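Chain and residue survey
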Amino acid sequence: METLSSIRLTRVPNLAGKTPAEATAALRAAGLELGVIREIGPAGTMIVLEQSTLAMTVAPVGTRVNLLVGRR
């Protein structure tokens, strides 16, 4: 069983305006995982509009972050 003191934390990067590939790389670098990507709007170059875990907050390593992406 994990105790509170054994949970590793990391800062969640700001993904707004990044492409899904850039966002994925930033999440991995922070020790986080990509969750579900939802797309809205017409096809085209997509960028992150929203993320499920607020940017610059602290979350446990391995947390999944969902993305809402839309056309640039």
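What counts, and at which threshold
Residues numbered from 1 in each chain as written. Predicted model: local features only at pLDDT ≥ 70, side-chain atom pairs only at ≥ 80, totals over all residues. Heavy atoms only, no water. Helix = DSSP H or I, 4+ residues; strand = E, 2+ residues; numbered from the N terminus. Contact = heavy atoms within 4.5 Å. Buried < 20%, exposed > 50% of the residue type's maximum accessible area, 1.4 Å probe, protein only. Arc of directions from axis to C-beta. Pairing = 2+ DSSP bridges. Axes fitted to C-alpha atoms, helices over the stretch in contact; angles between N-to-C directions. Core = buried A, V, L, I, M, F, W, Y, C linked by side-chain atoms within 4.5 Å.

**Remarks on the environment of I37**
Positionally, I37 belongs in strand β2 (residues 33–39). When sequence neighbours within four positions are dropped, the list of residues in contact with I37 reads P20, L67 and V69.

**What about helix α1 (residues 20–29)?**
Within the span of α1, buried status applies to A23, T24, A26 and L27. Within α1, the buried residues cover an arc of 165° as seen down the axis, which keeps them to one side. Opposite the buried face of α1, at more than 90 degrees from it, the exposed residues are A21, R28 and A29. Where the residues of α1 are buried, they touch β2, β3 (46–51) and β5 (64–71). Just past α1, the residue G31 takes up positive phi, approximately 85°.

**Comments concerning the sheet that holds β5**
With respect to topology, 3 strands assemble into an open sheet ordered β2-β5-β3, the strand pairing being mixed. Only two strands of the sheet have a single neighbouring strand rather than two, namely β2 and β3. Going from strand to strand, the sheet's axes swing by 40° on average, the running direction of each strand aside. Note: β3 against β5, 5 bridges, orientation antiparallel. Looking at β5, one finds that M46 is bridged to R71. This element, α1, spans β2, β3 and β5 of the sheet and lies at about 160° to β2.

**Structural notes on the environment of T19**
You can see T19 is positioned in the loop between β1 (9–11) and α1. What makes T19 buried here is its relative accessible area of 19%. Expressed as a C-alpha distance, the spacing of T19 and R71, which sit 52 residues apart in the sequence, is 9.9 Å.

**What to know about unusual backbone geometry**
In this structure, M56 takes a positive phi of about 70° despite not being glycine. Of note, M56 is situated in the loop between β3 and β4 (58–60). Using a relative accessible area of 52% as the deciding quantity, one classes M56 as exposed.

**Focus: the nonpolar core**
L15, L32, V48, V65 and L67 are the most contacted members of the largest nonpolar core, which totals 13 residues. Within the residue set of this core, elements represented by two or more residues are α1, β3 and β5. Setting aside residues up to four positions removed in sequence, L67 forms contacts with L15, A23, L34, V36, I37, R38, V48, E50 and Q51.

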